[in-house]
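# Observations on the model geometry
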Amino acid sequence: MATGFTMPAPDYELSPITGWTREHWVAFADQQLLAVRPCFSAQKALIRLSGRPSSSGVLSDGMEGFARTFMLAAFRVAGEQGNDPHGHLDLYRTGLLEGTRPGGPEAWLPICDRSQPMVEAASIALSLQLTKPWLWDTLSGDERAQVAEWLQGSSRSTCVDNNWVLFQVLIAEFLAGAGFEHNAAQIEHGLKRLEDWYVGGGWYRDGDNDGTGDFFDYYCGWALHLYPVLWAGFAANRHPEAQARSEIYRSRLVRFLADHVSFFGGNGAPVFQGRSLIYRYAAVAPLFLGEAIGATPLNPGQTRRIASGAAKYFLDGGAYDDRLPSLGWLGAFDPMTQEYSGPASPYWTSKAFVGLLLPADHPVWTAVEQPSPLEGIDAVQHVEGPNYLLHSTAVDGIARVLNHGSDKYYAPGPDDPNYRRLAYSSHTAPLFTKDPVDNHFAVLDATGTPSRRARIHRLKAGHLQAGHHQAASWHAPVWSDEEDPANSRWRVATATTAASGYELRVHVVEAPNVDVTNPGPAPSGLRVRDAGYALADTRARLSWMTTFLESADFTQAYGRCTDSSTTAPSGPRASRRWVGTLRADTWKAVWQAAAASSPHWCTWEARHPQRFLPTS
């Protein structure tokens with residue numbers, strides 16, 4: 001349990017799995033808000049936390065602390081119909097007026113093109129919508145005009161062409177509903193871009209980046225589903241298309257949640273994939289949202305079990321050991337963060353508390369907790385939109401995402417362990433090393449440098465008889481930050497299938513003709529390396545298979561011990577012993593069959609992550 005947090009006693013009658021009820025969620029919100037109070041600036045417009053500043057600077061970071069905890073307070077107070085025994089809103093009212101006062105000592109940075117204040121302004125606008133009767137309506141006309149004038153900076157600004165367009169939608173909608181001048185075109189543009197990014201099956205990509213890469217991650221749920229649904233509710237009596245759009249968003253959310261439940265392990269942890277993972281259990285926001293609008297394939301007891309399980313996983317796991325959330329997963333771990341993240345960025349976990357908008361007598365709070373639909377069965381499902389294979393097993397509660405579609409590729413540069421691995425899970429995390437190792441297939445050059453997977457290209461039904469239990473892709477490997485995969489003459493195609501905890505991977509390498517100007521190893525001396533999941537212990541070992549083309553000889557090699565305190569986000573907290581059982585006999589038999597049937601070198605690999613179980 002987190003140091004200094006006072007939580008209610010678990011209720012295992014109502015919640016036999018997690019022990020958490022609505023009372024726990026309210027207490028968790030209050031404890032976080034009380035813990036951050038000593039960090040308020042003198043005039044309450046900034047919350048200054050210690051730690052590495054973001055690329056936007058310390059003033060922006062202070063405003064971020066205000067805005068994101070304001071959102072937490074808003075969900076908490078609105079969910080209690082204005083009941084605010086700790087006086088949270090009084091602090092945010094004071095800070096709001098100080099931050100928007102031109103020339104004041106704690107005045108916020110203006111909202112301008114592609115700036116972080118635009119992100120935080122959306123959280124402020126959302127919070128003002130939610131708490132309108134208890135905060136906005138208590139302001140004088142001049143005070144409202146002052147706040148509106150600062151928000152109107154968004155109306156004159158451009159934004160990043162991804163989920164940021166929805167920040168402008170929320171800001172403009174608040175201004176419109178409050179009777180102030182707003183940029184109506186930004187609402188239409190943001191909602192249109194949302195349609196451009198819809199790929200079917202309930203999935204959105206987070207922007208299209210002019211087609212250079214594919215972006216699928218938790219932003220699909222905690223931004224691209226959350227914000228449009230909230231907008232439709234706010235705009236219901238004002239925008240002529242709000243109701244029709246609401247029905248569209250509702251139908252998409254149902255389909256998305258049918259897949260989203262596969263991203264949570266039986267231990268409560270979300271699958272470790274994508275950027276902004278310091279937002280942790282914000283991933284449960286769309287689950288509560290589905291309950292709020294009647295758009296979920298889950299029953300209420302299942303929704304609460306998954307959501308509470310995720311929040312409890314991080315609280316009990318040490319994410320709040322100093323009463324403030326760290327920049328990391330369980331403990332602090334800087335390598336997994338992005339440059340835009342500052343000390344207060346983790347408070348985007350506030351989105352998870354959208355569930356508090358559901359009253360205490362809602363079934364999501366009164367139903368007896370029930371296991372997730374996947375906790376009693378082994379499941380494998382192909383998701384066409386992101387080209388994922390979702391694989392979960394009941395015996396160990398491990399959720400896995402086998403990745404053949406999300407790469408977050410912009411241009412030549414460093415490897416990205418959050419997006420380009422072949423697989424991710426709820427119980428493991430990638431190594432943050434210069435050269436990729438875990439869950440990665442590499443062609444090794446003469447110095448042993450492994451190739452990298454950069455832009456991922458999908459192989460669809462025309463190339464592979466794709467069904468529900470398999471997915472495939474190809475990439476052009478590169479060996480350095482400077483190389484452009486578009487210029488690589490190498491090709492690696494990979495297909496994956498899975499069943500009952502086993503993963504079967506097929507790799508086909510197409511080597512270019514000998515050319516001294518071509519990066520990579522000479523085809524006649526081809527060496528490759530394939531590895532599975534990195535295990536959370538300094539005593540654990542990575543294992544991979546190394547095969548030489550010229551000898552067609554099967555060999556198995558064990559890799560070096562890896563210090564998780566420097567390369568894995570579990571950090572030094574990972575103290576449990578893990579045991580890995582590998583199937584070398586299966587590898588050899590299947591590899592021999594594959595090699596005999598293909599003119600290209602290929603290897604099939606069987607993995608059994610369900611056997612990577614703690615011994616204590």
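Right, let's walk through the structure included here. Source: prediction; values computed, not measured.

### A look at the overall build of the chain
Across its full length, the chain carries 14 helices and 17 strands. Within the chain, the fraction of its 616 residues that count as buried is 60%. Of the contacts made within the chain by residues no fewer than 6 positions apart, 68% connect residues no fewer than 24 positions apart. Put simply, the chain shows about 22,400 Å² of open surface, and 52% of that area lies on carbon and sulfur atoms.

### What to know about the nonpolar core
If you look at the biggest cluster of nonpolar residues, it comprises 138 residues, and the most contacted ones within it are Trp25, Phe28, Ile124, Trp231 and Phe353. Here Trp25 is in contact with Trp20, Val284, Phe288, Ala307, Ser308, Ala311, Ala352, Phe353, Leu356 and Trp365, once residues within four sequence places are set aside. Leu422, Phe441, Trp479 and Val528 belong to the second-largest nonpolar core, a separate cluster that totals 9 residues.

### Some words on the packing of aromatic side chains
All told, the structure shown has 42 aromatic pairs when counted by the stated rule. Here Tyr219 and Trp348 contribute two aromatic rings whose centre-to-centre distance is 6.3 Å and whose plane-to-plane angle is 55°, an arrangement assigned as tilted. Linking Tyr219 in helix H8 (residues 219-234) with Trp348 in the loop between helix H11 (300-317) and helix H12 (363-366), this pair joins segments that are 129 residues apart in sequence. Across this residue pair, the class does not change: Tyr219 and Trp348 are buried. The aromatic ring of Tyr198 is capped on one face by Arg252, whose charged end is 3.9 Å from the ring centroid. Over the ring of Trp348 we find Lys351, and its NZ or CZ is 3.3 Å from the ring centre.

### A look at the packing of helix H1 (residues 22-36) against helix H2 (residues 58-79)
Close contact between H1 and H2 brings their axes to 10 Å; oriented N to C, the two are set at 140°. Considering their axes alone, H1 and H2 lie oblique with respect to each other. Once H1 is placed against H2, the crossing between them reads as left-handed. Contacts between H1 and H2 involve Arg22, Val26, Ala29, Asp30, Gln32, Leu33 and Val36 from the former and Thr69, Leu72, Ala73, Arg76 and Gly79 from the latter. A class-by-class count of the residues in the contact of H1 with H2 yields 6 nonpolar, 3 polar and 3 charged.

### Here we look at unusual backbone geometry
Residue Arg323 is not a glycine yet carries a positive backbone phi of 70°. Residue classification places Arg323 among the partly exposed positions, given a relative accessible area of 28%.

### A word on the sheet that holds strand S6 (residues 423-425)
Taking strand neighbours across the sheet as the criterion, the 4 strands line up as S3-S4-S5-S6 in an open arrangement whose pairing is antiparallel. If you trace the sheet from one side to the other, it starts and ends with strand S3 (379-383) and S6, each paired once. Direction aside, the axes of adjacent strands within the sheet are offset by 15° on average. Pairing geometry for strand S4 (residues 388-393) and strand S5 (residues 398-403), over 6 bridges, is antiparallel. In the sheet register, Ser392 faces S5, and the bridge partner there is Ala399.

### Let's talk about helix H9 (residues 242-260)
Given a rise of 1.5 Å per residue, 19 residues ought to cover 27 Å, and the 25 Å separating the end C-alpha atoms of H9 matches this to within 8%. Looking at H9, one finds that the buried residues are Ala242, Arg245, Ser246, Tyr249, Arg252, Leu253, Phe256, Leu257, Asp259 and His260. Buried residues of H9, seen end-on, are gathered within an arc of 140° and therefore sit on one face of the element.

Rules used in this analysis
Residues numbered from 1 in each chain as written. Predicted model: local features only at pLDDT ≥ 70, side-chain atom pairs only at ≥ 80, totals over all residues. Heavy atoms only, no water. Helix = DSSP H or I, 4+ residues; strand = E, 2+ residues; numbered from the N terminus. Buried < 20%, exposed > 50% of the residue type's maximum accessible area, 1.4 Å probe, protein only. Contact = heavy atoms within 4.5 Å. Areas by Shrake-Rupley, 256 points an atom, 1.4 Å probe, with all protein chains shown as cover. Core = buried A, V, L, I, M, F, W, Y, C linked by side-chain atoms within 4.5 Å. Phe/Tyr/Trp six-rings, centres within 6.5 Å; stacked < 30°, edge-to-face > 60°. Lys NZ or Arg CZ within 6 Å of the ring centre and 35° of its normal. Axes fitted to C-alpha atoms, helices over the stretch in contact; angles between N-to-C directions. Parallel < 35°, antiparallel > 145°, perpendicular 65-115°, else oblique. Left-handed = near helix turned anticlockwise from the far one by under 90°. Nonpolar A, V, L, I, M, F, W, Y, C, P; charged D, E, K, R; others polar. Pairing = 2+ DSSP bridges. Expected span 1.5 Å × (residues − 1). Arc of directions from axis to C-beta.

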